[in-house]
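What the coordinates show
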Amino acid sequence: MPFSSTPEHPVSLTRLLGRHPTLVGALCGFALALALAAAVLLLVLQLRVQEIEAGHAQIVHTMQVVQTDIREVLDELNQSYKPECSPENLNQLRSLLFSHRYARDIGLLDPQRQLFCNTSIGLLAAPRPAGTGGIDGSIGRYYRGSLLQLSQGAVASTVVERGLFQVAIQPNATRDVWTQHADSVWAGAGNQRTQVFKGKPEALTQAMVAADTPHLQLDWGRGLVLVTTTEPGVSPISAQSAIGVWALLQANLALLVVAGCVSLLLGFLTSDAVRRRCRHYQSMEYRIHDLCNAANLECHYQPILELATGRIVGCEVLARLRDRATLVYPDQFIPALMRQKLAWTFDAAVSAHALRELGAHLPVQPGSFKVALNFFPHNLQRDVIHNHLQTQLEALRRSDLQIELEVTEYNFSPEIVPHLQRLKADGYLIALDDFGTGYSNLGMVKKVAPDFIKIDKSFVFEMEDVTLRSSLIPEIIGIAKAVHSQVIAEGIETAAQAAQLRALGVEYGQGYFFARPMPLTQFLAYLQSHRNVL
Ligand SMILES: Nc1nc2c(ncn2[C@@H]2O[C@H](COP(=O)(O)O[C@H]3[C@@H](O)[C@H](n4cnc5c(=O)[nH]c(N)nc54)O[C@@H]3COP(=O)(O)O)[C@@H](O)[C@H]2O)c(=O)[nH]1
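Scope of this entry: the structure provided in the associated data block. Counting starts from 1 at the beginning of each chain's written sequence and moves along it residue by residue. Given that this is a predicted model, residues contribute local features only at a pLDDT of at least 70 and side-chain atom pairs are listed and counted only at 80 or more, while totals for whole chains, interfaces and linings are drawn from all residues. For the side-chain quantities, the full set of heavy atoms in the structure was used; hydrogens and water were omitted.

With that out of the way, let us pick up the sheet that holds strand S10 (residues 216–219). Strands in a sheet are paired, the pairing made by backbone hydrogen bonds, and the direction either parallel or antiparallel. Here a strand pair is declared whenever DSSP counts at least two bridges between the two strands. To qualify as a helix, a DSSP run of H or I must reach at least 4 residues; to qualify as a strand, a run of E must reach at least 2; elements of each kind are numbered from the N terminus. Read across the sheet, five strands follow the order S9-S8-S12-S11-S10 without closing on themselves; strand pairing throughout is antiparallel. Unpaired on one side and paired on the other, strand S9 (194–198) and S10 mark the two borders of the sheet. Put simply, the sheet's adjacent strands are angled 25° from each other on average, direction ignored. By the bridge criterion, four bridges tie strand S8 (residues 184–187) to S9 in an arrangement that is antiparallel. Bridge assignment links Ser184 to a residue of S9, and that residue is Lys198. Set on the sheet, helix H2 (residues 21–80) makes contact with S10, strand S11 (224–231) and strand S12 (237–244); between it and S12 the angle comes to about 155°. Angles run from 0 to 180 degrees between N-to-C directions of axes, and those axes are lines fitted to C-alpha atoms, restricted for helices to the stretch in contact. By definition, residues are in contact when any of their heavy atoms lie within 4.5 Å.

This part covers the pairing of strand S2 (residues 114–118). Exposure categories follow from relative accessible area, calculated using a 1.4 Å probe and restricted to protein chains: below 20% of the type maximum is buried, above 50% is exposed, and the middle band is partly exposed. With four of five residues buried, S2 is to be regarded as a mostly interior element. Of the strand pairs in this sheet, strand S1 (residues 103–109) and S2 are connected by three bridges, and their pairing is antiparallel. Across the sheet, Leu108 pairs through a bridge with Cys117, a residue of S2. Linkage of S1 to S2, two consecutive antiparallel strands, is achieved through a turn of four residues, within which Arg113 is found at a positive phi near 60°. The sheet contact formed by S2 and strand S3 (residues 122–129) spans four bridges and is antiparallel. Bridge assignment links Cys117 to a residue of S3, and that residue is Leu123. In sequence, S2 turns back onto S3 through a hairpin of three residues.

Moving on to the packing of helix H7 (residues 253–282) against helix H8 (residues 284–291). Relative orientation and spacing of two packed helices are given, respectively, by the angle between their axes and the distance between those axes. Closest axis-to-axis distance for the H7/H8 pair is 5 Å, and the angle between their directions is 40°. Looking at the two axes, H7 sits oblique to H8. In this structure, H7 contributes His280, Tyr281 and Gln282 to the contact, and H8 contributes Met284, Tyr286 and Arg287. Under the grouping applied here, Gly and all other residues not named as nonpolar or charged are polar, the nonpolar ones being Ala, Val, Leu, Ile, Met, Phe, Trp, Tyr, Cys and Pro and the charged ones Asp, Glu, Lys and Arg. Across the contact of H7 with H8, the residue classes break down as three nonpolar, two polar and one charged. When describing relative orientation, an angle under 35 degrees is termed roughly parallel and one over 145 degrees roughly antiparallel, while 65 to 115 degrees is termed roughly perpendicular and anything else oblique.

On to the side chain of Glu316. Summarising the element assignment, Glu316 is placed in strand S14 (residues 312–323). When its relative accessible area of 5% is taken as the criterion, Glu316 is described as buried. Whenever two N or O atoms come within 3.5 Å, that pair is a polar contact, provided that in protein one can donate a hydrogen and the other can accept it, and provided that, for residues adjacent in sequence, both atoms are side-chain atoms. In terms of polar contacts, Glu316 uses its side chain to reach the side chain of Asn374, at 2.9 Å.

When the sulfur atoms of two cysteines come within 2.5 Å, that pair is taken as a disulfide. For the coordinates displayed, the defined rule picks out one disulfide. Two residues share a disulfide in this structure: Cys85 and Cys117, whose sulfurs sit 2.0 Å from each other. Across the S-S bond of Cys85 and Cys117 the torsion is about 80°, and the bridge reads as right-handed. Pair noted here: Cys85 is in the loop between H2 and helix H3 (87–98) and Cys117 is in strand S2, with a separation of 32 residues, a long-range link. Looking at Cys278, it has no disulfide partner, and the nearest cysteine sulfur is the one in Cys28, 6.8 Å off.

It is worth spelling out the pattern of salt bridges at this point. Definition used for salt bridges: Asp or Glu carboxyl oxygen within 4 Å of a side-chain nitrogen of Lys or Arg. With the rule as written, the count across this model stands at 20 salt bridges. Between Asp219 and Arg222 there is a salt bridge, and its shortest N-O distance comes to 3.4 Å. On the accessibility criterion, Arg222 (46% relative accessible area) is partly exposed. For Glu298, the salt bridge identified is with Arg322, shortest N-O distance 2.4 Å. Of this pair, Glu298 sits in strand S13 (residues 297–306) while Arg322 sits in strand S14, and the two are 24 residues apart along the sequence. The class of Glu298 is partly exposed, set by a relative accessible area of 22%.

Turning our eyes to something else, we now look at a nonpolar patch on the surface. A grouping of Leu32, Val258, Val262, Leu265, Leu266, Phe268 and Leu269 is seen on the molecular surface, where their side chains present a nonpolar patch of about 620 Å² in accessible area. Within the secondary structure, Val258 sits in helix H7. Patches here are clusters of residues that have more than 30% relative accessible area and form no salt bridge, with a 9 Å joining cutoff for like charges and a 5 Å cutoff for nonpolar side chains (Val, Leu, Ile, Met, Phe, Trp, Tyr). Reported accessibility uses the Shrake-Rupley method at a 1.4 Å probe radius. Residues are deemed covered only where the shown protein chains occlude them.

Let's shift gears to the site of the ligand. Nearness here has a simple test: a residue counts as near a molecule or strand if at least one of its heavy atoms is within 4 Å of that partner. Close contacts around the ligand come from 26 residues, with Arg320, Asp434, Glu490, Glu493 and Tyr512 the closest. One nitrogen or oxygen atom from the side chain of Glu316 is found 2.9 Å from an oxygen atom belonging to the ligand. With respect to the ligand, the backbone of Asn374 contributes an N or O atom lying 3.3 Å from a nitrogen atom. Considered on its own, the ligand offers 820 Å² of accessible surface; in the complex 87% of this is hidden by protein.

So, about empty space enclosed by the protein. Detection works on a 1 Å grid of protein atoms alone, calling trapped sets that fit a 1.4 Å probe cavities and calling open sets with protein on both sides within 12 Å along at least five of seven lines pockets, with lining residues defined by an atom within 4 Å of a point. Grid points are joined across faces, edges and corners, and a volume is the space filled by probe spheres set on the points. This structure, assessed with the given rule, holds one cavity of 30 Å³ or more. A volume near 90 Å³ is recorded for the largest cavity. Along the walls of the largest cavity sit 16 residues, with Leu115, Arg128, Leu148, Val159 and Gln166 positioned nearest its centre. Within the residue set of the lining of the largest cavity, elements represented by two or more residues are S1, S2, S3, strand S5 (141–150) and strand S7 (165–169). A class-by-class count of the residues in the lining of the largest cavity yields nine nonpolar, five polar and two charged.

A separate point is the packing of aromatic side chains. Any two rings among Phe, Tyr and Trp, with Trp reduced to its six-membered ring, count as a pair given centres within 6.5 Å; such a pair is stacked if its planes are under 30 degrees apart, edge-to-face if over 60, and tilted if neither. One pass over the full model with this rule turns up nine aromatic pairs. Ring geometry for Phe346 versus Phe376: centroids 6.2 Å apart, planes at 40°, classification tilted. With Phe346 in helix H10 (residues 343–361) and Phe376 in the loop between strand S16 (369–374) and helix H11 (382–396), this residue pair connects regions lying 30 residues apart in the sequence. In this pair, the class of Phe346 matches that of Phe376, namely buried. Working rule: Lys NZ or Arg CZ, within 6 Å of ring centre, within 35 degrees of ring normal, means a charge sits over the ring. The residue whose ring lies beneath Arg516 is Tyr512, and the NZ or CZ to ring-centre distance is 3.9 Å.

Our next topic: the sheet that holds strand S4 (residues 135–136). Spatially, the seven strands line up as an open sheet ordered S3-S2-S1-S7-S6-S5-S4, and their pairing is antiparallel. Lying at the two open borders of the sheet, with one neighbouring strand each, are S3 and S4. Two elements, strand S6 (residues 153–162) and S7, share four bridges in a ladder whose sense is antiparallel. Bridge pairing in S7 links Val160 to Val167. Across the sheet, H2 is in contact with S1, S5, S6 and S7; its angle to S7 comes to roughly 155°. Sitting on the sheet, H3 touches S1, S2 and S3, and the angle it makes with S1 is about 150°.

Coordinates in, geometry out; function isn't part of it.
So, in structure tokens, the structure goes:
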């Protein structure tokens, strides 16, 4: 709630951002552009990974089909057949091969595990060792590159051995699917792991990890993303493919260029929007809500002197708002204050603050001491003003303080005349401020018969140059005399101006020549020193 006595708001993040709008805007825009570009790149990568995963799934599926086929043969051999090389047995074994697509040949082992007979050529000329090494799989022990004795010669094949039987897998049963969908295929687990297919150039396939790997792995050094699919059931089997990031970028160059341009455009638009938002946070329109807190309100007092004697007869209350180390002046905040409809809250807070301060600290003055308060014209409603000021004055019990209400000539309208008349009748002094800047009708001025007419400082500033404007000062004094008002000249900055105005018959003056508006402690010290001088 503005001008409540709640503690000052802490500096908000929005205010901090507002101090560097261009930088914050640029950073946000850059971050967005980067994020969008990265998102597109990740999407492209993700699509490629999905494509590879689908290929790997086909490899695993094909190998499972092959394995199931071979398992059935081995199951049947171990359950229903004897490892005998008799023609009848061999014929039965051959007919078994017909019903199993991936089984190429069946070999028979003697008790010393030597291969002595097979379905292709029958009894071998000499038994030969069944094989060394091998990989343990769930359906038997696999031997890669075993030489299969066929009637037309020997062929390298993978055989699976269980009990005293060996089944040779059709050469190239899985090769096509490997070639098409993987760069490298590994079989076996732990130290038995063997590379069963090597597709890409040596250097690349060497990079493929022979140990268990995560599904996705980044090789920063070579700019590769490795995709590994491991299926534990099939011996186990791992299919690996490498994505070259640079090659991926090249393959999607057009898409990435478009995405980059869109990202830059969005980044630029974001930067502009953020910059504008940050500027708004720094604007008075936004800050006024934070500033309108009782803790930020400061009243400055500018003495008003009798020109003939130099006696201080009163002061004008001028409000400032404190924004940390800096003071914000009325010209800076009044427009925003008006737009945010805080005019009455502000005037009420200033007058209460000033009267409280002066009432508590200003020594009781001999005679009366005028306290000139500025009110926005539409706040000059008799009942509202009177009730408000009476409440303040009753609490003070200072009969020496006399309130002077200032209304600018510029805003002097027929609607406020009755209010001013009543306020005057209530005992308040009325001052017509900035006189000469508006076009008030003399009849209206007469009706109010203000106690004071304040000559606007713009007339005083030009006195030494004797401009047309300054030549109007005697006219203004004449009008004041005609309506029985006393004259206060504002903006006196030199001794010459003060002397000239005094000679013209101006009774009172204020301006930097005497003193600038100042905080209470300084104002009290000024009053004290001034009294000593007089
Ligand atoms: N409704 C309210 N209006 C207020 C209040 N406090 C101020 N104001 C209005 O803001 C206007 C600007 O005030 P400020 O910036 O404080 O300027 C005043 C003086 O500092 C300045 N001045 C005084 N002497 C001299 C001088 O010798 N030279 C010079 N260059 N400037 C000087 O003039 C302003 C006072 O003018 P005026 O009000 O016409 O007497 C101010 O005009 C107020 O209307 C508030 O609390 N409520």
